[in-house]
Each structure stands twice: as C-alpha cells, then as structure tokens.
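The chain contents come next:
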Amino acid sequence: MRLAISTVVLAGIGLMLWGAMNLTQVKSAAALGEEAMQHVERIVAFGPRPAGSEALRKSREYIIDNLRSAGFITEEESFTALTPAGNIPMTNIIATLPGRSDRTIVLATHYETKLTKQFEFVGANDGGSGTGLLLALAKRIANSTYERTIRLVFFDGEEAFFEWSALDSLYGSRHLAEKWKASGESSKIGAFLLIDMIGDSNLNIRRESHSTPWLNDMIWRTAARLGYEQYFLPISGAVEDDHIPFLQAGVPAADLIDFNYGPSNRYWHSADDTLDKLSAQSLGIVGEVLLAVVEELDEKQ
Ligand code: 1BN
Ligand code: ZN
C-alpha cells in the first residue's frame, strides 16, 4: 500500500514537472513570437520594400540597429544586380556572433519584397515574417553561449522582377554563395537554415524536398519532441528559394517555408499578404524549433 502511494506521488511529481516544462516552453514561444511580431509590424510600416527602394534602405537601417544592439557584428554586402528592370543596387546583411570555433551555423531569410505595379504589396509574411523572427532570435542567440560561430543573413533580391527563372531570382543568395565558395567560407558552414513565409496563422510546413535530408530529419524530429507535429507535416513539396545556391555550393541546407498561404495559396504575392494573416504563435513555434536545432547542431562533431 505504502509503495502504491509513493508510486502515485512520484507519478504526480513527474506529471507536474512535465506540465511545468511545457508551460515554460509555451511561455517562451509566446514571448519570442510576440517580439518577432513587433518587428514585423515595424518593418511592414515602411511599406513596400522592393530592391533598391528607399523603404528597403530604412528597413536595412532598422535591421542593422537591432542586430548591433543584440551584440552581433554586422556587415553590408553591396553589389549591383543586372535584372530585367535594369541595374539595381542590392545589399545583403550579414551578422556574426563569433563562437570559440570558426565553424559556422547560418540562419537566413530575405528582407526585400516583390516589386509589384498593379497593387500595393507589403509582404507581411513574404519578406516580413522571416526578418522579424531572425531579429527576435538575434537577442536569444546572443544571450546563449555557442561553440560555433552563428551567422544571421538577410538577403536582398530574392524575388524575380519579371518572371522567376535561374537568372531572374535569388540575386542576393547567388552573390553570397559564390563569394563564400571562392573564399572557402562555405566549407566552414555546418548547416544553413532558411526561413521564409513562416508567420501564417494557419501554420503548416512541408519538408522542402531540395533540402538536405539529414537536416530536414533533425528539424522534424525536434518539432515532434517539442510537441509541434501538427505544424510540421510529414509530406514533401519542392520550392526554389535562397537555400538553392548554398546547396549547389555543397553546404547542407534546409528551407522552412509554409507555401500554403490562404485558400489555394491565394495570399501569396497578393495585396492580401498583410499583418492580419499572421500570428505571433506561428512565429514563436518556428523560432523555438530553430533554437533547439541550433543547439543540437552546435553539439554535433
Ligand atoms: C518564396 C517566396 N518564393 C518567392 N517568394 C520562392 C518561390 C518562387 C516559390 C517560385 C514558388 C515559386
Ligand atoms: Zn515572394
């Protein structure tokens, strides 16, 4: 009888600890998501932010200010891209938090929005969500200690000017991947994690099928461990995005993208990609998964 009671008590304590852990996790995801959402709101307030625009210059200033305040070393990588709209000045933002090792983990997103003529495109999700989440993560990452050097990259010129093709798309990521391949920097990257369109309040992320399988496995395993299985679907879909030039440079890379935005993806590249379609919860969930994946990658040999 005594044994039975202590078993019940121990089980109760176990359940309480389990409950407490989940509550802490839920609170931490909520705080991270709220912070990311505030950044998205500030960024969207700059208006449409196509490559070469004044609004994108202001966004860049905002991003760099926040990265520096968090404790990252920032670098602007400027170049001129030959596009169907002519020569356009572009700038990637690279933020570095040096670790004890020069081996790196890269988290990336694009921060510019698609140029549109027929309607106003503010890209709350497409361009805004990844940027807001990386800025919120910058603070969390800077408050932890990692063996590896952590880099946050904000790409310019992800979007096509005319029609998506190998030459009209991914201007910023193609430029940086080429540069890092030539300098040998790409061989130091253990993993490249891209986020794009991860703020949809109806979050459902498929395994992007160009991505490195072991990295997708790690992400999906981590999401399941944190109780987020319902948002990380066990099905695949292919999307060309800023991870492609890095995969081509031999870097293990994955793209977390929810390419199912509104009924039949109707909000994508439309006037409806606005703040009201996003949720802090979605941003927080993706953020918590990324933090846990970075921790696991940092412990990997
Ligand atoms: C993602 C967000 N993409 C553009 N904005 C990449 C993409 C390009 C996705 C073509 C599908 C088709
Ligand atoms: Zn887009």
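Notes on the structure follow. Just so we're clear, the structure is a prediction, and the values are computed from it rather than from any experiment.

**Details of the overall build of the protein**
A tally of regular secondary structure across the protein gives seven helices and eight strands. Taken over C-alpha atoms, the radius of gyration comes to 20 Å for the protein, in line with the 19 Å a tight globule of 301 residues would show. Each principal axis of the C-alpha distribution contributes one length, and for the protein these read about 85 × 45 × 35 Å. Taking all 301 residues of the protein together, 47% fall into the buried category. Long-range contacts, defined here as pairs at least 24 residues apart, represent 80% of the contacts in the protein between residues at least 6 apart.

**Observations regarding the sheet that holds strand β4 (residues 149-155)**
Spatially, β1-β2-β4-β3-β5-β8 is the arrangement adopted by the six strands of the open sheet, whose pairing is mixed. Two strands lie at the open edges of the sheet, namely β1 (73-83) and β8 (253-257), each paired on one side alone. Going from strand to strand, the sheet's axes swing by 20° on average, the running direction of each strand aside. As paired strands, strand β2 (residues 86-97) and β4 are joined by five bridges and run antiparallel to one another. Its bridge partner lying in β4, L97 is registered against I150. Running over the sheet, helix α3 (residues 124-142) touches β2, β3 (104-110), β4 and β5 (189-196) and is turned about 150° from β3. Strand contacts of helix α4 (residues 171-183): β1, β2, β3 and β4, with the helix running at about 60° to β2, the strand carrying the most contacts.

**Notes on the site of ligand 1**
Residues in contact with ligand 1, as listed here, are D126, E159, W164, D196, M197, V239, E240 and D241. Here the shell around ligand 1 is built from residues that sort into three nonpolar, no polar and five charged.

**Describing the nonpolar core**
By size, the foremost hydrophobic cluster in this structure holds 75 residues, and its most contacted members are L133, L137, A138, F192, L193, V286 and L290. Aside from chain neighbours lying at most four places away, what touches L133 is A36, I195, I198, L283, V286 and G287. Ranked by size, the runner-up nonpolar core spans eight residues in total, among them A51, L56, A81 and M90.

**Brief notes about the pairing of β1**
Alignment of β1 against β2, held across eleven bridges, turns out to be antiparallel. Note on β2: the bridge partner recorded for S78 is T91. Following β1, the chain reverses through two residues before pairing antiparallel with β2.

**Things to note about helix α5 (residues 213-225)**
For an α-helix, the turn length of 3.6 residues means that residues three or four places apart are oriented alike. Between its terminal C-alpha atoms α5 stretches 18 Å, which fits the 18 Å expected from 13 residues at 1.5 Å a residue. Along α5, the residues that are buried comprise L215, M218, I219, T222 and A223. For α5, the arc enclosing every buried residue in end-on projection is 130°, short of the 170-degree limit, so these residues lie on one face. Of the exposed residues in α5, the ones pointing more than 90 degrees away from its buried face are P213, W214, D217 and R225. Backbone geometry just after α5 places G227 at a positive phi near 85°.

**Regarding unusual backbone geometry**
For L170, which is not glycine, the phi torsion reads 50° and is therefore positive. Within the element layout of this structure, L170 appears in the loop between β4 and α4. C-beta crowding within 10 Å serves as the criterion here: with 23 such atoms nearby, L170 is assigned to the buried category.

**Notes on the packing of α3 against helix α7 (residues 280-299)**
Orientation of α3 relative to α7, taken along the N-to-C sense of each, is 50°, at an axis distance of 10 Å. Accordingly, the angle class assigned to the pair α3 and α7 is oblique. Handedness of the α3/α7 crossing: right-handed. Each of S129, G132, L133, A136, L137 and R140 in α3 lies in contact with α7, whose residues at this interface are L283, V286, G287, L290 and L291. Grouping the amino acids of the contact of α3 with α7 by side-chain chemistry returns seven nonpolar, three polar and one charged.

**Side note on α4**
Spanning 13 residues, α4 covers 19 Å between terminal C-alpha atoms, matching the ideal 18 Å at 1.5 Å per step. Those residues of α4 not exposed but buried are Y171, G172, S173, R174, H175, L176, A177 and W180. Considering only its buried residues, α4 is in contact with β1, β2, β3, β4 and α6 (244-248). Immediately beyond the C-terminal end of α4, within one or two residues, lies G184, with a positive phi of roughly 90°.

Procedures and definitions
Residues numbered from 1 in each chain as written. Chains lettered and ligands numbered in written order. Predicted model: local features only at pLDDT ≥ 70, side-chain atom pairs only at ≥ 80, totals over all residues. Helix = DSSP H or I, 4+ residues; strand = E, 2+ residues; numbered from the N terminus. Rg over C-alpha atoms; globule rule 2.2 N^0.38 Å. Buried ≥ 20, exposed ≤ 12 C-beta atoms within 10 Å, placed from the backbone. Contact = placed C-beta atoms within 7 Å. Pairing = 2+ DSSP bridges. Axes fitted to C-alpha atoms, helices over the stretch in contact; angles between N-to-C directions. Near = placed C-beta within 6 Å. Nonpolar A, V, L, I, M, F, W, Y, C, P; charged D, E, K, R; others polar. Core = buried A, V, L, I, M, F, W, Y, C linked by C-beta atoms within 7 Å. Expected span 1.5 Å × (residues − 1). Arc of directions from axis to C-beta. Parallel < 35°, antiparallel > 145°, perpendicular 65-115°, else oblique. Left-handed = near helix turned anticlockwise from the far one by under 90°.

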